[in-house]
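# Examining the three-dimensional arrangement
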6 protein chains.
Amino acid sequence: MNGGYETDTVTRLETNLDDCPPELLGAVFQQLLDAGALDVWFTPIQMKKQRPAVMLSVLCADDKVGPLADILFAGTTAFGLRTDKVVRLKLARRTETVRTEFGDIDVKIGLKGERIVQIAPEYESCRRAAERTGVPLKLIFEQAVQALRAGQKLSS
Amino acid sequence: MNGGYETDTVTRLETNLDDCPPELLGAVFQQLLDAGALDVWFTPIQMKKQRPAVMLSVLCADDKVGPLADILFAGTTAFGLRTDKVVRLKLARRTETVRTEFGDIDVKIGLKGERIVQIAPEYESCRRAAERTGVPLKLIFEQAVQALRAGQKLSS
Amino acid sequence: MNGGYETDTVTRLETNLDDCPPELLGAVFQQLLDAGALDVWFTPIQMKKQRPAVMLSVLCADDKVGPLADILFAGTTAFGLRTDKVVRLKLARRTETVRTEFGDIDVKIGLKGERIVQIAPEYESCRRAAERTGVPLKLIFEQAVQALRAGQKLSS
Amino acid sequence: MNGGYETDTVTRLETNLDDCPPELLGAVFQQLLDAGALDVWFTPIQMKKQRPAVMLSVLCADDKVGPLADILFAGTTAFGLRTDKVVRLKLARRTETVRTEFGDIDVKIGLKGERIVQIAPEYESCRRAAERTGVPLKLIFEQAVQALRAGQKLSS
Amino acid sequence: MNGGYETDTVTRLETNLDDCPPELLGAVFQQLLDAGALDVWFTPIQMKKQRPAVMLSVLCADDKVGPLADILFAGTTAFGLRTDKVVRLKLARRTETVRTEFGDIDVKIGLKGERIVQIAPEYESCRRAAERTGVPLKLIFEQAVQALRAGQKLSS
Amino acid sequence: MNGGYETDTVTRLETNLDDCPPELLGAVFQQLLDAGALDVWFTPIQMKKQRPAVMLSVLCADDKVGPLADILFAGTTAFGLRTDKVVRLKLARRTETVRTEFGDIDVKIGLKGERIVQIAPEYESCRRAAERTGVPLKLIFEQAVQALRAGQKLSS
């Protein structure tokens, strides 16, 4: 059922917020990541009484539910959270560093077995190179992918 | 340039809100309509500092700008509004009342010249019939359209 | 795993609607709440064949699934619904009434153990005070919070 | 608990994409449907680092998880997917063909027991009639519903 | 005021739709493009009476306003449209064809004066190569960009 | 026509992006603000070929159009931008510093003539106090408003 992918199980937290100023939500977002959330995101929703509201979602390891719930209640106006479990299918990952004319860049590689399925230059690594050199970020990404391809035998 | 349609010119008001609780926005929505706004709507937007925010838009006659701006500033957290003008192309409208097994229903008809382009049973009229009879609203709409078609020579 | 919070288990209903006029969705929203749904919300989604569609979500006690499904099928164009279970983490709640210059206002208080985590003036109570007095709703909320704080020893 | 409706259990796949160009997402959408997905949809979400991102959701039979995950990883920039199970409540379906002045149209009928709950002219059937005749699609839908109603005793 | 870019002036059409089934909107989208619209898009909005609605926007040459308005009124439930003018700032464009191991691909190039600012493999050209070869679309895009870079002196 | 409010005229830039990875958009957002944009925001839109896309909007002084367009073209995949003018209605602003138990906080005050219409504790000022003290941000905001009210005669 997992199609040959690695799996793990994590918890999803969700809460619908129809009385919380967005500037508080912006602040709690980073706090959740800093406290170990695997992912955090907002979805625009429409709630009762004509309210343009927000769903806050968090993905986390099961033992983070308590601490992240504490942050959510302190940082927002929520009186409750929903939780459920999801099973993740994941590519195996490794990181390589490639040499480009704009400096060294880390590139994440996603594999299914031995096969390379995904190549993703690491954002912060690219951003630093863009700031250092003044070259547009999109060109840094391009060069990093090219450098990796040049040094790799890729199945596609 | 107007393609043979009726036109008028109205003002559009917009403001981006990244610090306003949605429950205030729900309340101001109806106040704006009650004070004569032609249309009011919310659009989900993403603003600075990771904020899931809302754009509030209002369409109104030019002489309503002042009073509606007063309501917007009183009812939200806005410090400013954007305004510009839009020209509307409009179908001519008339309303007819049709007889259905669920009672009489008003139907809005939209015309370009003599030609019927749009038929729209009036929502409140249908809603009242649905409440009165317990029949699903979607059937009331269907019947009203059918009753109108039965009594009309329609070009399509 | 529940971080010291109260929990319960409820059902989530969801359906994707790509052929339903929004005015029907507006009508079914209130019917679902009136029939005992714990929460109802819309999410904008993009479906096949270039359709800007809507996901309708409902949260309810398990024994409400049947009656609410009946309302959903009667009030929308759905041929199917998705259901799953979610565990809620909840603050304990109590309501206090505070005296303000604009009249008495109910305030919901959310607690973790003895500790006050959330203070939320009750919307309808504030709205009535705003209508009675002509004072902007945002000031009523502010005063209600202040009145509660004045009478309470708050840990933060 | 199923309110008298037919049920089955299917898998939901989801992934949050904050580094994938929308034109790739448009392409993978159809590939997923072609490979047997029951439904596919996009939800606009807001992810970390100020990114206006997209959640891709897929509903499928359990034995399609592997093949559809392969398509998702090949067609997008995802390194992982979330999966969980949902139970569907469904109307029984049958299709009837009705005669209209614009040609024959297939109409899907949704039933709870013997009772007709839903009537939905089949989109592709209507679209072809609209193209063949130049009549607006909305009129074709209207006529198809009317033709079906004329030939049916409908409980509502 | 135009920052050294080419400019032209076009018309924007917009209409808010709170009673139109999404499947009609999907159909009218392509009709508008086929009739010469420069761009068409949907924005999720929230309208009165709790309706999760859609704004349809069209960009077009001024002399297309009439014909496109006719299509909009015939294909949707609109009774009116808003129009205003926008000035576009544009890169100069040219298209080059590059040779890749997956076949020839057209690449759009965007210039400010002599300087290349944008490189975009043409989507349909890439899609056909992907279908012909079974190679993921994202690799085709990558190769096309690389092929162009290899043959070009690029300022960045 | 301006309802007694201060006004100015600024330019709005917009571009629809259906081939730009969200991580580039996150990066360009801050660059636009740093280069003097008055406001920047994203709106989720649905574009042709089933693409879940993004509209990038910028508000700026007229003499910033050139430099900000340069940043937009360099940082995204855009080949063109739309521009138009909007007139802003604005409250007069002043900032006061209030003393709270969590330190001094700046509060923005919005006035129409002599009348206070808006009170907004300055976000960065509150955020720093929250970090310094460990007190939830929402309580800092509350205290700042209260401190200002205590020292002011407010018309409402």
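These numbers were taken from a predicted model, which means no experiment stands behind them. (Residues numbered from 1 in each chain as written. Chains lettered and ligands numbered in written order. Predicted model: local features only at pLDDT ≥ 70, side-chain atom pairs only at ≥ 80, totals over all residues. Heavy atoms only, no water.)

Bringing the relation of the copies chain D and chain A into the picture now. Once chain D has been moved 0.0 Å along the axis and rotated by 120 degrees, it coincides with chain A to within an RMSD of 0.0 Å. With respect to symmetry, the two chain copies, as superposed, fit the operation of a three-fold axis. Taken as a fraction of all interface residues of chain D, those also at the interface in chain A reach only 17%, which identifies the copy contact as different-surface. (Least-squares fit on C-alpha atoms with pLDDT ≥ 70 in both. Contact = heavy atoms within 4.5 Å.)

Centre-to-centre distance and the angle between the planes together describe a pair of aromatic rings. As enumerated under the stated definition, the model contains 12 aromatic pairs over all chains in all. For the pair tyrosine 5 of chain A and phenylalanine 73 of chain D, a centre-to-centre distance of 4.9 Å together with 40 degrees between the ring planes defines the contact as tilted. Here tyrosine 5 of chain A is found in the segment before β1 (6-17), whereas its partner phenylalanine 73 of chain D is found in helix α2 (residues 65-75) on a different chain. The ring of tyrosine 123 of chain F is capped by arginine 51 of chain B, whose NZ or CZ atom sits 4.5 Å from the centre of that ring. Here the guanidinium or amino end of lysine 108 of chain B rests over the ring plane of phenylalanine 79 of chain E, the centre of that ring lying 5.1 Å away. (Phe/Tyr/Trp six-rings, centres within 6.5 Å; stacked < 30°, edge-to-face > 60°. Helix = DSSP H or I, 4+ residues; strand = E, 2+ residues; numbered from the N terminus. Lys NZ or Arg CZ within 6 Å of the ring centre and 35° of its normal.)

So, on to helix α2 (residues 65-75) of chain F. Burial analysis of α2 of chain F places eight of its 11 residues in the buried class, the great majority of the element. Those residues of α2 of chain F lying buried are Val65, Gly66, Leu68, Ala69, Ile71, Leu72, Phe73 and Gly75 of chain F. (Buried < 20%, exposed > 50% of the residue type's maximum accessible area, 1.4 Å probe, protein only.)

Residues and elements named next belong to chain E. Where burial is concerned, most of strand β7 (residues 115-121) is hidden: six out of the seven residues are buried. Two elements, strand β6 (residues 103-112) and β7, share six bridges in a ladder whose sense is antiparallel. Each bridged residue has a counterpart across the sheet, and for leucine 111 the counterpart in β7 is isoleucine 116. Linking β6 to β7, which pair antiparallel, is a turn of two residues; within it glycine 113 sits at a positive phi near 60 degrees. (Pairing = 2+ DSSP bridges.)

All right, on to the relation of the copies chain F and chain B then. For the pair chain F and chain B, the relating rotation is 120 degrees, the translation along its axis is 0.0 Å, and the fit reaches an RMSD of 0.0 Å. Interface overlap between copies is the fraction of interface residues in one copy that are interface residues in the other; for chain F against chain B it is only 16%, indicating separate surfaces.

Residue-level contacts link 31 residues of chain F with 29 residues of chain B. For the pair chain F and chain B, the summed buried surface comes to about 2,300 Å²; carbon and sulfur atoms form 58% of the total. Linking chain F to chain B there are four salt bridges. Run the count over chain F and chain B and you get 13 residue pairs in polar contact (both at pLDDT 80 or more). Among the elements of the structure, α1 (22-34), β2 (39-47), β4 (80-90), β6 (103-112), β7 (115-121) and α3 (123-133) of chain F are those that each provide at least two residues to the side of chain F that touches chain B. For the side of chain F that touches chain B, the element with the most residues is β4 of chain F, which contributes seven residues. The class makeup of the residues in the side of chain F that touches chain B is 17 nonpolar, four polar and 10 charged. (Buried area = accessible area lost by both parts, 1.4 Å probe. Salt bridge = Lys/Arg side-chain N within 4 Å of Asp/Glu carboxyl O. Polar contact = N/O pair within 3.5 Å; in protein donor to acceptor, adjacent residues only side chain to side chain. Nonpolar A, V, L, I, M, F, W, Y, C, P; charged D, E, K, R; others polar.)

Moving on, we come to the interface of chain D and chain A. Contact residues are listed per partner, giving 29 residues for chain D and 31 residues for chain A. Roughly 2,300 Å² is buried in total at the junction of chain D and chain A, and carbon and sulfur atoms are behind 58% of that figure. Sorting the residues of chain D by area buried against chain A places Phe73, Phe79 and Arg82 of chain D first, and these three jointly supply 31% of that buried surface. Connecting chain D to chain A are four salt bridges. In this structure, lysine 112 of chain A engages aspartate 70 of chain D in a salt bridge whose closest nitrogen and oxygen atoms are separated by 2.8 Å. Looking at the side of chain D that touches chain A, the elements that each hand over two or more residues are β1 (6-17), β2 (39-47), β3 (51-60), α2 and β4 (80-90) of chain D. Here strand β4 (residues 80-90) of chain A runs beside β4 of chain D; their pairing, made up of four bridges, is antiparallel. Its bridge partner being in β4 of chain D, lysine 90 of chain A is matched across the sheet by glycine 80 of chain D.

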